[in-house]
Amino acid sequence: DGGITQSPKYLFRKEGQNVTLSCEQNLNHDAMYWYRQDPGQGLRLIYYSHIVNDFQKGDIAEGYSVSREKKESFPLTVTSAQKNPTAFYLCASSTGQGSETQYFGPGTRLLVL
Amino acid sequence: GNSVTQMEGPVTLSEEAFLTINCTYTATGYPSLFWYVQYPGEGLQLLLKATKADDKGSNKGFEATYRKETTSFHLEKGSVQVSDSAVYFCAFDQTGANNLFFGTGTRLTVIP
């Protein structure tokens, strides 16, 4: 079955620790995205990538980093510089063409210990 | 700037009631418009979309019509079910931007 997988489902971070969230897709999509979801604020774009080895900052990139070494993978690292990391993180992908639908993974909930 | 304004929730309806969730957008050009649904603890799923003015998107009994003159894309369903309880997001993709802009979401609870 084609789709997007995110792992882990829940992740705990200690103070000063970097953590990496995984996102994998087997839809052969060129574009991938990371969103952060907070209660009452909808989704906010963190980073996006339209092609391998290239990515751009979204609206709230500070304290996060990404890589896109393979078409099917777009991991997100939440660094210690992100002072309020507790949120629900959603990964999405699309064909990268105009008016395309984005397909979302099941999400990772990050909690701070 | 680009933005989406959605009807604030939460919305609570009895089963078989009529649903309307309002959505208006501010964008340049001719964006495509989307409604996504998020069930508890899950990611978002596309519910329906419309790509040009006067198009009607429909799925699972839900409908929304792209109204360019009022920059609106209101979601409607004639008879809601308990299984429709979820958070609904309106979104659009800005022409040439290749990114989606989301509203804040509207939580719907349907009671038997």
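What counts and what doesn't
- Numbers given to residues run from 1 along each chain, matching the order in which its sequence is written.
- Naming scheme: in the order in which they are written, chains are lettered from A and ligands are numbered from 1.
- With the structure being a predicted model, the display of local features is reserved for residues of pLDDT at least 70 and the display and counting of side-chain atom pairs for 80 or more, all residues being used for whole-chain, interface and lining totals.
- Calculation of side-chain values draws on the structure's entire complement of heavy atoms; hydrogens and water are dropped beforehand.
- Any two cysteine sulfur atoms within 2.5 Å of one another count as a disulfide.
- Elements are defined by DSSP. Helices are runs of H or I of four residues or more, strands are runs of E of two residues or more, and each kind is numbered from the N terminus.
- Summary of the burial criterion: residues with accessible area below 20% of their type's maximum are buried, those above 50% are exposed, and those between are partly exposed, where the area comes from a 1.4 Å probe applied to protein chains only.
- By the convention used here, residues are in contact when the closest approach between their heavy atoms is within 4.5 Å.
- Summed over both partners, buried area is the accessible surface (1.4 Å probe) that two parts give up on being assembled.
- Any Lys or Arg side-chain nitrogen found within 4 Å of a carboxyl oxygen on Asp or Glu counts as a salt bridge.
- Polar contacts, as used here, are pairs of N or O atoms within 3.5 Å; protein pairs need one atom able to donate a hydrogen and one able to accept it. Residues neighboring in sequence count only if both atoms are side-chain atoms.
- Only Asp, Glu, Lys and Arg are considered charged, only Ala, Val, Leu, Ile, Met, Phe, Trp, Tyr, Cys and Pro nonpolar, and every remaining residue, Gly among them, polar.

1. A few points about the state of the cysteines
One pass over the full model with this rule turns up 2 disulfides over all chains. Here Cys23(A) connects covalently by a disulfide to Cys91(A), the sulfurs 1.9 Å from one another. Here the S-S torsion is close to -75 degrees, and the disulfide linking Cys23(A) with Cys91(A) is therefore left-handed. Residue Cys23(A) is located in strand β3 (residues 19-25), and its partner Cys91(A) is located in strand β9 (residues 87-94); the two are separated by 68 residues in the primary sequence. Residue classification places Cys23(A) among the buried positions, given a relative accessible area of 0%. Note that Cys23(B) is cross-linked by a disulfide to Cys90(B), the S-S spacing being 1.9 Å. Taking the sign of the S-S torsion, -70 degrees for the link of Cys23(B) and Cys90(B), the bridge is left-handed. Of the two residues, Cys23(B) is situated in strand β4 (residues 23-26) and Cys90(B) in strand β10 (residues 86-93); the sequence distance between them amounts to 67 residues. This pair shows no difference in class: Cys23(B) is buried, exactly as Cys90(B) is.

2. Thoughts on the interface of chain A and chain B
The interface is formed by 23 residues belonging to chain A together with 20 residues belonging to chain B. In total, about 1,500 Å² of surface goes out of reach between chain A and chain B, with carbon and sulfur atoms giving 49% of it. Taken together, the links from chain A to chain B amount to 0 salt bridges. Our enumeration of links across chain A and chain B arrives at 3 residue pairs in polar contact (both at pLDDT 80 or more). Looking at the side of chain A that touches chain B, the elements with two or more residues in it are β4 (31-37), β5 (43-51) and β9 of chain A. Of the residues belonging to the side of chain A that touches chain B, the class tally is 9 nonpolar, 12 polar and 2 charged.

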